[in-house]
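Given next are the chains, with one letter for each unit.
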Amino acid sequence: MIDHDFMESLKQARTYGLGEFLEIIGELSQESTKKGVLDRKHKELITLGMALAKGCHRCIDIHTDAALKLGASDTEMLQVRRVALYVQASPEHHHTELWKAWMDSWREFSLSKGCIDRRCRELVGLGIALVRQDARLIDMHVKAAREFGASPEEIFEVMPIALLMDGAPALSQIPQLVHALEKYEPAEAAA
């Protein structure tokens, strides 16, 4: 069930102007490195996925080292790289045969066994979708993350990480993230 105050805060964020966001961006960035609903290791794996998507070699090195220090295995790091490759390979045009083929391939990969659970794979994909500013992928990864048991708070905790990695461009994705969270809220919670 989505906490009512949490959703109201997200809805209010839709109305913020640049001034309000600049005031809170520092706080959000600090939050991205703390243990929250997601543990620090998973936050680093999500951040690594975003760094790979952005192609920032310095960021990749920093977040690889941080994830390893937090106990991530080489196999987990490889799986994050695979998620990044899959999401980066998604077709730009979403109403094509290529998109449908990509979706089938992603679904098969996402459902396969691996050292990173399906929920975390979708959160890594969501982080990449946020820094790519791809509304369709944001929607897809929020839906799948919810299906694999991620709470709205876990999903929204990806946003401060995106802010850390992408700054102001990630801010523009808050309305899309809120919309997707509302769209995939379980029916009993919406009542």
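For the structure itself, look to the data block above.
A brief structural summary.

Quick notes on the rules
Residues numbered from 1 in each chain as written. Predicted model: local features only at pLDDT ≥ 70, side-chain atom pairs only at ≥ 80, totals over all residues. Heavy atoms only, no water. Disulfide = S-S within 2.5 Å. Buried < 20%, exposed > 50% of the residue type's maximum accessible area, 1.4 Å probe, protein only. Helix = DSSP H or I, 4+ residues; strand = E, 2+ residues; numbered from the N terminus. Phe/Tyr/Trp six-rings, centres within 6.5 Å; stacked < 30°, edge-to-face > 60°. Lys NZ or Arg CZ within 6 Å of the ring centre and 35° of its normal. Core = buried A, V, L, I, M, F, W, Y, C linked by side-chain atoms within 4.5 Å. Contact = heavy atoms within 4.5 Å.

## Examining the state of the cysteines
Tallying each qualifying case throughout the model produces one disulfide. Here Cys 56 pairs with Cys 59 through a disulfide, and the sulfurs are 2.5 Å apart. Torsion about the S-S bond of the Cys 56 and Cys 59 cystine: about 60°, corresponding to right-handed handedness. You can call Cys 59 buried: its relative accessible area is 17%.

## Here's the deal with unusual backbone geometry
Look at Gln 133: it is not a glycine, yet its phi comes out positive at around 60°. For Gln 133, the location among the structural elements is in the loop between helix H7 (118-132) and helix H8 (135-147). Residue classification places Gln 133 among the partly exposed residues on the basis of a relative accessible area of 39%.

## Quick notes on the packing of aromatic side chains
A full pass over the atoms with the stated rule returns five aromatic pairs. Taking 5.1 Å as the distance between ring centres and 25° as the angle between the ring planes, the aromatic pair formed by Trp 99 and Trp 102 counts as stacked. Note that Trp 99 and Trp 102 are positioned in helix H6 (residues 97-111) at a spacing of three residues, about one turn of the helix. Exposure class is identical for Trp 99 and Trp 102. Each is buried. The ring centre of Phe 109 lies 5.5 Å from the NZ or CZ of Arg 121, which sits over that ring.

## Some words on the nonpolar core
Counting 52 residues, the largest nonpolar core has Leu 126, Val 142, Ile 155, Met 159 and Leu 177 as the members making the most contacts within it. Here the element with the most residues in this core is H7; it accounts for eight residues. In contact with Leu 177, not counting residues within four places along its chain, are Leu 126, Ile 138, Val 142, Ile 155, Phe 156 and Met 159.

Keep in mind that these numbers describe shape and distance, not what the molecule does.
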